Amino acid sequence: MKTRMARQRFLALFLLLLLSPLALAADITGTVTNKTTGKPAAGADVILLKLAEGMDEAGRTKTDGQGRYKIALDNDATPHLIRVVFQDVTYHKQAPPGTTAADVDVFSSAPKVPGVRTSMNIVRLEPQSGQLNITELYVVKNESSPPRTQMSDRNFEIKVPPTATMDSALISTGAGMPLQGSPIPGKKPGEYAFMFPLRPGETRFQIAYHLPYAGSFEWKPAPDGVLEHFVVMVPKGVELAPADPSLFEGMPDDSGATVRVATNVQPKANIAFKISGTGTFPPDAQNPQSPGPVGGEANAEQPGGTREGPGGGIGKPIDAPNPLQQYIWWILGGFVVLLAAGAWFFYQQPAAPEEEEIDPTKPVKLSKRPKAAVRPAAAAAPVVRAGSNGRSAALLDALKEEMFALESERLAGKLSPEEYKKHKDALDVTLQRALSRQK
């Protein structure tokens, strides 16, 4: 009897071990939709990437006539990433452990798409003895209708001083993390371009370069289109002299840096400026770590994920776990300027009458979030001072802190796109109500 029971237990254990791989196997399915046409994206390449120590291909297939796909998935508690290649542009969707269904949206692409424009350019100059370090942030918006992706060999072009040496480039899109980019040199010195897709929404390009400095420097940028804002920053002690001071207005900065903002800049406007002297930004505003040589990572923008050559785009796909986490605060530094610029424009609105009081039936409700560490924020809610200017300043401080915290959490991946949009819309409504009361 004991021998028979032992044999039964051994057989059960053997069958369990034999069938366990089958029990762990699963399929991940979904539909790929072309949001430009509203129709299924048939024939698109779908690649399943396993995110362990790196990114290993775990399977691939093509969508059928209805845009549907199915790939075998090993349920080993490892996150995966779904990459879809449609019209030579990649799109990504995260697949956390346990995911069995994931739909992906793609867009039709073209070399030139109406509605793509550079909305903002921020220039940060740090002149030192013998060398001028410059960082620029470009905010590019794709507001095409119907939405389409712009993609060409020289998809986004920039110009820097001819004597400049490019040091690094970072690219981020939507809620994605910053990724290394590879600017392609042009025919003339100082001309560069990115071969990176401009998908619907917002794409940010940040470049860092240096050039010789002999105590003064004059720059004559020539915008090709209308810029909502052009911002120039220099450290405390450095003189900044715009060629046309009437185009610029000052903006307060807690660190003592000099900040000048030009609004609604028209093409070929004279936004030239000259700097002189030397100085450095405070330690909390410095780049904590250099992202390394430009183009140092493998590129992944062609079908199959192996586009070679300069300007190929990125080393990790947009929705992959952040490979540049140590550089996140440098990117957030650019957003500090963006948010400060927005706060400055709000501050310039006319003050409300002295006797007007804040409506107690409509309090401003701001969610509590951890503060980011890019720049010290207020330790507590500001005290409302007497008079309308005091109330405006208090509300301004609260909105600045909340907007910065919201952007920080979005970049850190703590908020889903839906949660970010909900909080952002609420802040926009609060800001509009405040402006309406002041008017």
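This write-up is about the structure you can find in this document. (Residues numbered from 1 in each chain as written. Predicted model: local features only at pLDDT ≥ 70, side-chain atom pairs only at ≥ 80, totals over all residues. Heavy atoms only, no water.)

**Topic: the sheet that holds strand 11 (residues 131-142)**
As a reminder of what qualifies: At least two DSSP bridges between two strands are required for those strands to pair. In this text, helices come from DSSP runs of H or I with a minimum length of four residues, and strands from runs of E with a minimum of two, each type numbered from the N-terminal end.
If you walk across this open sheet you meet the eight strands as 15-14-18-11-10-20-23-22, and the pairing is mixed. Single-partner strands in this sheet number two, and they are strand 15 (179-180) and strand 22 (248-250). Two strands pair when backbone bridges link them, and strand 14 (residues 165-173) and strand 15 are joined in this way by two bridges, in the antiparallel orientation. Opposite Ile171, over in strand 15, you have Leu179 as the bridge partner.

**Some words on the side chain of His92**
In plain terms, the rule: We call two N or O atoms a polar contact when they sit within 3.5 Å, provided that within protein one can donate a hydrogen and the other can accept it, with sequence-adjacent residues counted only if both atoms are side-chain atoms.
Here His92 lies in strand 7 (residues 89-95). A distance of 3.2 Å separates polar atoms of two side chains, one belonging to His92 and the other to Arg83.

**Observations concerning the layout of surface pockets**
Note the following rule: Buriedness of a pocket was judged along seven lines, with at least five required to meet protein on both sides within 12 Å; pockets are open sets of points on a 1 Å grid over the protein atoms alone, cavities are sets where a 1.4 Å probe fits but cannot get out, and lining residues have an atom within 4 Å of a point. Grid points are joined across faces, edges and corners, and a volume is the space filled by probe spheres set on the points. Amino acids outside the nonpolar list (Ala, Val, Leu, Ile, Met, Phe, Trp, Tyr, Cys, Pro) and the charged list (Asp, Glu, Lys, Arg) are all regarded as polar, and Gly is one of them.
The computed volume of the second largest pocket comes to approximately 1,100 Å³. Forming the boundary of the second largest pocket are 41 residues, of which Glu157, Ile158, Lys159, Ala222 and Asp224 lie nearest the centre. Considered class by class, the residues forming the lining of the second largest pocket number 22 nonpolar, eight polar and eleven charged.

**A short note on the pattern of salt bridges**
To be explicit about the condition: Basic side-chain nitrogens of Lys or Arg form a salt bridge, by our definition, when they fall within 4 Å of a carboxyl oxygen of Asp or Glu. For the exposure calls, accessible area comes from a 1.4 Å probe over protein chains only, and a residue counts as buried if that area is under 20% of its type's maximum, exposed if over 50%, partly exposed in between.
According to the stated counting rule, one finds eight salt bridges in the structure shown. Residue Lys62 pairs with Asp45 through a salt bridge whose shortest N-O separation is 2.8 Å. In this pair, Lys62 sits in strand 4 (residues 55-62) while Asp45 sits in strand 3 (residues 45-51), placing the two residues 17 residues apart along the sequence. Take Lys62: its relative accessible area is 48%, and that puts it in the partly exposed class. Across the pair Glu228 and Arg117 runs a salt bridge whose closest N-O atoms are separated by 2.9 Å. Separated by 111 residues along the polypeptide, Glu228 in strand 20 (residues 227-234) and Arg117 in strand 10 (residues 116-128) bring together distant segments of the chain. Using a relative accessible area of 29% as the deciding quantity, one classes Arg117 as partly exposed. Bridged by salt links that share partners, the residues Arg117, Lys141, Glu143 and Glu228 form one connected network.

**Thoughts on the pairing of strand 3**
The element strand 3 is largely enclosed, with a buried count of six among its seven residues. Judged from the seven bridges that link them, strand 3 and strand 4 form a sheet pairing that is antiparallel. Its bridge partner being in strand 4, Leu49 is matched across the sheet by Glu57. With antiparallel pairing between neighbouring strands as the criterion, strand 3 and strand 4 make up a hairpin whose turn holds three residues.

**A word on unusual backbone geometry**
Pro146 follows Ser145 through a cis peptide bond whose omega is 0°. Locating Pro146 in the fold gives a position in the loop between strand 11 and strand 12 (149-150). One non-glycine residue, Gln87, lies in positive phi territory at about 55°. Note that Gln87 resides in the loop between strand 6 (80-86) and strand 7. One non-glycine residue, Asn264, lies in the positive phi region at around 55°.

**Topic: the nonpolar core**
Note the cut-off: Residue types Ala, Val, Leu, Ile, Met, Phe, Trp, Tyr and Cys, when buried and joined through side-chain atoms within 4.5 Å, form a set referred to as a nonpolar core. By definition in these notes, contact holds between two residues if any of their heavy atoms fall within 4.5 Å.
Membership of the largest hydrophobic core comes to 37 residues, with the highest contact counts inside it found for Leu125, Phe194, Phe205, Ile207, Tyr209, Phe230 and Ile275. Excluding residues that lie within four positions of it along the chain, Phe194 makes contacts with Asp153, Arg154, Asn155, Phe156, Ile158, Ala169, Ile171, Gly181, Ser182, Pro183, Phe205 and Ile207. Counting 22 residues, the second largest nonpolar core, distinct from the first, contains Val32, Tyr69, Leu73 and Phe86.

Everything listed here is a matter of coordinates, which is why it stays silent on function.
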